[in-house]
Amino acid sequence: MIGETPHLSRLLDQAAARRPGHPAVEHEPGKTWTYADLAHAADRVANRLARWEVGRGDRVGLFLPKGLEAVGAI
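Residues numbered from 1 in each chain as written. Predicted model: local features only at pLDDT ≥ 70, side-chain atom pairs only at ≥ 80, totals over all residues. Heavy atoms only, no water.

Undergrad: How do you make sense of the packing of helix α1 (residues 8-18) against helix α2 (residues 35-51) when you look at a structure like this?
TA: Relative orientation of the contacting elements α1 and α2 amounts to 140°, with a least axis distance of 8 Å. Relative to α2, α1 is oriented oblique. Our pair here, α1 against α2, has a crossing hand that is left-handed. Listed contacts from α2 to Leu 12, Ala 15 and Ala 16 of α1 are Tyr 35, Ala 36, Leu 38, Ala 39 and Ala 42. A per-class count over the contact of α1 with α2 returns 8 nonpolar, no polar and no charged. (Axes fitted to C-alpha atoms, helices over the stretch in contact; angles between N-to-C directions. Helix = DSSP H or I, 4+ residues; strand = E, 2+ residues; numbered from the N terminus. Parallel < 35°, antiparallel > 145°, perpendicular 65-115°, else oblique. Left-handed = near helix turned anticlockwise from the far one by under 90°. Contact = heavy atoms within 4.5 Å. Nonpolar A, V, L, I, M, F, W, Y, C, P; charged D, E, K, R; others polar.)

Here is the structure:
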């Protein structure tokens, strides 16, 4: 569809492919994830949810402390 906004996961995959070593998220000084790190963390969460038979469009609650892992889960 023309003008359709890409899904966030697609944008992350594209950024990780173009700039895998560039900083994507900084939690505090010295704790930074690259786009490749962030994509890998998001894939781990997606795979875990898939094992629990959670599919695209299903709602999932998150209860996580602030940090890099929370960003990867979101």
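Resuming the write-up.
Undergrad: Teacher, can you tell me more about the pairing of strand β2 (residues 31-34) here?
TA: Consecutive residues of a regular strand have side chains that alternate between opposite faces of the sheet. For strand β1 (residues 23-28) and β2, the ladder comprises 4 bridges, and the chain directions are antiparallel. By the bridge assignment, Glu 28 is partnered in β2 with Lys 31. Joining the antiparallel neighbours β1 and β2 is a turn of 2 residues, in which Gly 30 adopts a positive phi near 90°. (Pairing = 2+ DSSP bridges.)

Undergrad: I would appreciate a short explanation of the layout of surface pockets in the present structure.
TA: If a probe the size of a water molecule is rolled over the atoms, the empty space left behind becomes visible. Approximately 900 Å³ is the volume attributed to the largest pocket. Every residue lining the largest pocket is counted, 27 residues in all, and those nearest its centre are His 7, Ser 9, Ala 46, Ala 73 and Ile 74. Of all the elements in the fold, those that place two or more residues in the lining of the largest pocket are α1, α2 and α3 (68-73). No other element matches α2, which puts 8 residues into the lining of the largest pocket. Looking at the second largest pocket, its volume works out to about 280 Å³. Lining the second largest pocket are 15 residues; nearest its centre among them are Val 45, Arg 48, Leu 64, Glu 69 and Ala 73. For the lining of the second largest pocket, the elements supplying multiple residues, two or more each, are α2 and α3. With 5 residues, the single largest contributor to the lining of the second largest pocket is α2. Its residues placed into classes, the lining of the second largest pocket shows 10 nonpolar, 2 polar and 3 charged. (1 Å grid on protein atoms, 1.4 Å probe; cavity = no way out; pocket = protein on both sides within 12 Å on 5 of 7 lines; lining within 4 Å. Points joined across faces, edges and corners; volume = space filled by probe spheres on them.)

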